[in-house]
Amino acid sequence: MAAQRQKQYVRVAIEVDEEGTLHPLFIRWKNGVIYQIDQILYKCRASSKRVSGGGIRYTVLIKGKESFLFQEGSKWFVEAKVS
C-alpha cells in the first residue's frame, strides 16, 4: 500500500548559471534537516499526481533515491509522506 502524501513547502538552495538556469543544490525542512541533491535527472513542466499543485518538476536523486521537487512560482514543495 502506498504511503499517503501531503504538499510540504521547503527551503531550497539554488545556483543560477550564466544562462539563468536554476540548479537546486539541497532541500532544507522546517526542522533544519538538510537533504543534498546528488543529481538532477530531469526537468519538465508537470502537475503533482499525489498532491495539488505543480509547475516545474525536477526529478532529483537524493541518497540514491529518485524524488520530485516542484518549483511553483517562487515557492518550492515536495510530496512528503504523511506519518
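Reading the values: rules and limits
- Residues numbered from 1 in each chain as written.
- Predicted model: local features only at pLDDT ≥ 70, side-chain atom pairs only at ≥ 80, totals over all residues.
- Heavy atoms only, no water.
- Pairing = 2+ DSSP bridges.
- Helix = DSSP H or I, 4+ residues; strand = E, 2+ residues; numbered from the N terminus.
- Axes fitted to C-alpha atoms, helices over the stretch in contact; angles between N-to-C directions.

Right, let's talk about the sheet that holds strand β6 (residues 65–72) for a bit. Hydrogen bonds between backbone atoms are what pair the strands of a sheet, whose relative direction is either parallel or antiparallel. Spatially, the seven strands line up as an open sheet ordered β3-β2-β1-β7-β6-β5-β4, and their pairing is antiparallel. Each having just a single partner strand, β3 (34–36) and β4 (39–47) make up the two edges of the open sheet. Geometrically, the sheet is characterised by an average inter-axis angle of 35 degrees between neighbouring strands, direction not taken into account. Bridge count between β6 and strand β7 (residues 75–81): four bridges; the pairing is antiparallel. From the neighbouring strand, Gln 71 faces β7, where its bridge partner is Trp 76.

That is the geometry; function is a separate question.
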